[in-house]
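Chain and residue survey
One letter stands for each residue in the lines below.
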Amino acid sequence: MAWNETKATLTGRICTDVRVYNADDEEGVFAVFSVATNERKFDKETNAWVRGRELFMKVKCFRRLAGSVAATFVKGDPVVVTGKLYTNKWEKDGQTRSELEMEASAMGPDLTFCKIVLLRDERSGMPIETVAA
């Protein structure tokens, strides 16, 4: 872990298609997508759940994780993403622009909202078989 690195965990749904790119640098393959989170609050006056604040986060992941994400997830899937946050800055029309991004180090389905079938590979030390969640 780097000094003063900002780590965060994000839960939400993938809200864009997962796009995969082949970079010409040391990073190799990377994937880009966005995750949306929506707060839900209980309103005692109306006795109902209401929508609260929203967050849309651009997420990038690299190498093996990028391939696994692209092969596993699609738009609308509930996910849990862990990684580091940073500000991506650029200049356009003479003005400095920025956006908050997450570089994912781990990602998985949010089992609160879905069930999965886990496929183990030979590196796990377990026999290769389908295991129901």
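Everything here concerns the structure above.
Residues numbered from 1 in each chain as written. Predicted model: local features only at pLDDT ≥ 70, side-chain atom pairs only at ≥ 80, totals over all residues. Heavy atoms only, no water.

1. A closer look at the nonpolar core
- Formed by 18 residues in total, the largest nonpolar core has its most connected members in Phe33, Val59, Cys61, Val69, Val81 and Met107.
- Elements with a contribution of two residues or more to this core: strand E1 (7–14), strand E3 (29–43), strand E4 (48–62), helix H1 (63–72), strand E5 (78–92) and strand E6 (95–109). (Core = buried A, V, L, I, M, F, W, Y, C linked by side-chain atoms within 4.5 Å. Buried < 20%, exposed > 50% of the residue type's maximum accessible area, 1.4 Å probe, protein only. Helix = DSSP H or I, 4+ residues; strand = E, 2+ residues; numbered from the N terminus.)

2. A closer look at H1
- Residues of H1 that are buried: Leu65, Ala66 and Val69. Down the axis of H1, the buried set is contained in an arc of 100°. They therefore lie on one face. Residues of H1 that are exposed and point over 90 degrees away from its buried face: Arg64 and Ala71.
- Where H1 is buried, its residues touch E3, E4 and E6. (Arc of directions from axis to C-beta. Contact = heavy atoms within 4.5 Å.)

3. Quick word on the environment of Gly76
- Looking at the element boundaries, Gly76 is found in the loop between H1 and E5.
- Between the alpha carbons of Gly76 and Gly12 there is a distance of 9.2 Å; along the sequence they are 64 residues apart.
- Apart from the residues lying within four places of it in its own chain, the contact partners of Gly76 are Arg13 and Ile14.

4. Quick look at the side chain of Asp110
- In this fold, Asp110 is placed in the loop between E6 and strand E7 (117–119).
- A distance of 2.9 Å separates the side chain of Asp110 from the side chain of Thr112, its partner in a polar contact.
- For Asp110, the residues in contact, after removing those within four places along its chain, are Thr11, Pro78, Val79 and Val80. (Polar contact = N/O pair within 3.5 Å; in protein donor to acceptor, adjacent residues only side chain to side chain.)

5. As for the pairing of E4
- The pairing of E3 with E4 spans 13 bridges and is antiparallel. Bridge pairing in E4 places Phe33 opposite Val59.
- In sequence, E3 turns back onto E4 through a hairpin of 4 residues, with Asn47 there showing a positive phi of about 55°.
- Here E4 runs beside E6; their pairing, made up of 3 bridges, is parallel. Looking at the pairing, Lys58 lines up with Glu101 of E6. (Pairing = 2+ DSSP bridges.)

Keep in mind that these numbers describe shape and distance, not what the molecule does.
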